[in-house]
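Chain by chain, the residues run as shown.
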Amino acid sequence: MRCCRMSMLDRCLWGMLLASLVACDAVAADNTLAKLQPFLETHCLSCHDSNLKKGGLDLSQLTGWTKAEDFARWVRIHDRVAKGEMPPGKRKPEAEEKSAFLAELSQGLSKVHAAGKGTVLRRLNRL
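Report on the accompanying structure. As the structure is a prediction and not an experimental result, all values here were calculated from the model. (Residues numbered from 1 in each chain as written. Predicted model: local features only at pLDDT ≥ 70, side-chain atom pairs only at ≥ 80, totals over all residues. Heavy atoms only, no water.)

### Brief notes about the side chain of Thr32
For Thr32, the position within the fold is in helix 1 (residues 8-43). Beyond its immediate sequence surroundings of up to four residues, Thr32 is in contact with Trp65, Glu104 and Gly108. (Helix = DSSP H or I, 4+ residues; strand = E, 2+ residues; numbered from the N terminus. Contact = heavy atoms within 4.5 Å.)

Put into structure tokens, the structure is as follows:
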């Protein structure tokens, strides 16, 4: 029975491991958002800042994507830029700049989505 129980040291080590993984995810999300910032400043913030808030979107308030509503906004931003709807009536971003932005954003969104999915439990049977 003793072999199945975790010692206090094992619990501490697992706790530190989990905390470091969470911290790494937070740092990765911050790095991704920092990489997106120049594109947003150049093409988006002139209309979607705290003053104008065109379309009800204030990009200066979006600092992360852990909340469901923030994640949904980032997905909407990705889709609008990918379809070429944004920025309307202004200078469009160059193709390589747009593709780099979309690649970075989709990679970050995919990581956040995968982290939030959790474990899928399946029955192991012949069916």
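Moving on from the coordinates now.
### Regarding the pattern of salt bridges
Counting across every chain of the model gives three salt bridges. Among the salt bridges present, the one from Lys35 reaches Glu104, with a minimum N-O distance of 4.0 Å. One end of the pair, Lys35, is in helix 1; the other, Glu104, is in helix 3 (residues 95-117), and 69 residues separate them in sequence. Taking the relative accessible area as the measure of exposure, Lys35 reaches 55% and is therefore exposed. Of the residues examined, Glu104 reaches a relative accessible area of 18% and is grouped as buried. Of the charged contacts, one joins Asp70 and Arg73 as a salt bridge, the two residues approaching to 3.3 Å between their closest N and O atoms. Of this pair, Asp70 and Arg73 are both found in helix 2 (residues 68-83), three residues apart, which corresponds to roughly one turn of the helix. (Salt bridge = Lys/Arg side-chain N within 4 Å of Asp/Glu carboxyl O. Buried < 20%, exposed > 50% of the residue type's maximum accessible area, 1.4 Å probe, protein only.)

Nothing here speaks to function; it is geometry throughout.
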